[in-house]
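Geometric and topological summary
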Amino acid sequence: MAGVKTATASSYTEVFANKAGTVYQSDREGCWYIDFDGKLVRFDHRGLLKLKNSICRVDIEELLLNSDRSPEIEMVFICACNHCYFLNLLQIISLKQLLEGTFVMLELNQIIRDRLHRLPF
Amino acid sequence: MKDIMRVKCLLSADIETLLNQQIKKEAHSSAMYLAMASWCNQNGFDYSSDYFFKQSDEERFHQLKLFKYVLDMGGSAISPDVSGIRQEYSSLREVFEEALEAEIAITQSFKVIAANCLKEQDFVTFEFLNWFMKEQREEEYKARRALELFEVIGEEGTGLWEIDKHVNKIKYDSETAGE
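Just so we're clear, the structure is a prediction, and the values are computed from it rather than from any experiment.

Turning next to the overall build of chain B. Secondary structure assignment for chain B yields 6 helices and 0 strands. Listing the helices and strands of chain B from first to last along the sequence gives α-α-α-α-α-α. Structurally, chain B occupies a C-alpha span of about 75 × 35 × 20 Å along its principal axes. Sequence-distant contacts, at least 24 apart, represent 78% of the contacts inside chain B between residues at least 6 apart. Within chain B, one finds 21 positive and 33 negative side-chain charges whose respective centroids are separated by 5 Å.

This is the structure:
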């Protein structure tokens, strides 16, 4: 993503990042790019919501407590998306943090736009 | 940075989830009323059967109204799985008792959605829900009146036959009723 980001820096905005990855928004394309664990995937707004819901549905506590599960890999498949994730427990936690942070920033962006542009009084 | 989420969809994720849950409840109600219509028909209660056929259609209409609203607002409307429909009842009274309970549950559910809309200041959806609030007044009234027939007429002798005949005549004609 670094190359893409450098090449068209004005088109991509970093929404949120943690140690495991970064989420970029493309205003021009109206979508987001998730750079996670060496994999770059494009999501439209529905896909991003579905990914967040899928990750939030993973019962991390159950994965931690259940010693029968081997290996501790979850497959996260998003309908109508050409990609899927195979994640271990730590990756699930990291991706969940990344997405939660992203949605907080998107909500903050909405509040700022409301205050600055949509509620001009 | 553009606000793409808001541009694409008016609904928040939470409200969209609640509306999809309501779509499922309406689908369940429609299927439940259809099962009631079947039971009434099999047991000779023709007017009650007609009443529940109409109720089933109404619930289906409610489901579609919610479904189209979610789509119109840019959300993802989910066609629900419906299962666990009760097919057998021990009496006509029990059928109407369950119908009233179901309507009360639906009203309570709409109240929860409306409360969440107010919390989020989603006045657009709140206004949309007003139609359902009015509708629930009618639905609960009709279900309650039907059950009261069992007390007013009584089940002895030809009582059940009289009750069945009267069920289809229940009308809620308040000018404030839903259309």
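Our focus in this paragraph is the packing of aromatic side chains. Residue and element names in this part refer to chain B. Counted according to the given criterion, the structure contains 15 aromatic pairs over all chains. Where Phe-110 meets Phe-132, the ring centres are 4.9 Å apart and the plane angle is 25 degrees; that geometry is what we call stacked. Within this pair, whereas Phe-110 is found in helix 4 (residues 92–120), its partner Phe-132 is found in helix 5 (residues 123–152), the two being separated by 22 residues in sequence. Relative to Tyr-172, the ring of Tyr-141 lies with its centre 4.8 Å away and its plane at 45 degrees, an arrangement referred to as tilted.

Attention now goes to the packing of helix 2 (residues 13–42) of chain B against helix 4 of chain B. Residue and element names in this part refer to chain B. It is at 11 Å that the axes of helix 2 and helix 4 come closest, and there the two elements cross at 170 degrees. Viewed along their axes, helix 2 and helix 4 adopt a mutual orientation that is roughly antiparallel. Across the contact of helix 2 with helix 4, the residue classes tally to 16 nonpolar, 4 polar and 6 charged.

Contact with chain B, which involves 12 residues of that partner, is made by 18 residues of chain A. For the chain B and chain A pair, buried surface summed over both sides reaches about 1,400 Å², with 61% attributable to carbon and sulfur atoms. The tally of links between chain B and chain A comes to 9 residue pairs in polar contact (both at pLDDT 80 or more). Broken down by element, the residue count for the side of chain B that touches chain A peaks at 4 residues, all from helix 1 (residues 4–8) of chain B.

Here is what the cut-offs are and how they apply
Residues numbered from 1 in each chain as written. Chains lettered and ligands numbered in written order. Predicted model: local features only at pLDDT ≥ 70, side-chain atom pairs only at ≥ 80, totals over all residues. Heavy atoms only, no water. Helix = DSSP H or I, 4+ residues; strand = E, 2+ residues; numbered from the N terminus. Contact = heavy atoms within 4.5 Å. Lys, Arg positive; Asp, Glu negative; His and termini not counted. Charge placed at Lys NZ, Arg CZ, Asp CG, Glu CD. Phe/Tyr/Trp six-rings, centres within 6.5 Å; stacked < 30°, edge-to-face > 60°. Axes fitted to C-alpha atoms, helices over the stretch in contact; angles between N-to-C directions. Parallel < 35°, antiparallel > 145°, perpendicular 65-115°, else oblique. Nonpolar A, V, L, I, M, F, W, Y, C, P; charged D, E, K, R; others polar. Buried area = accessible area lost by both parts, 1.4 Å probe. Polar contact = N/O pair within 3.5 Å; in protein donor to acceptor, adjacent residues only side chain to side chain.

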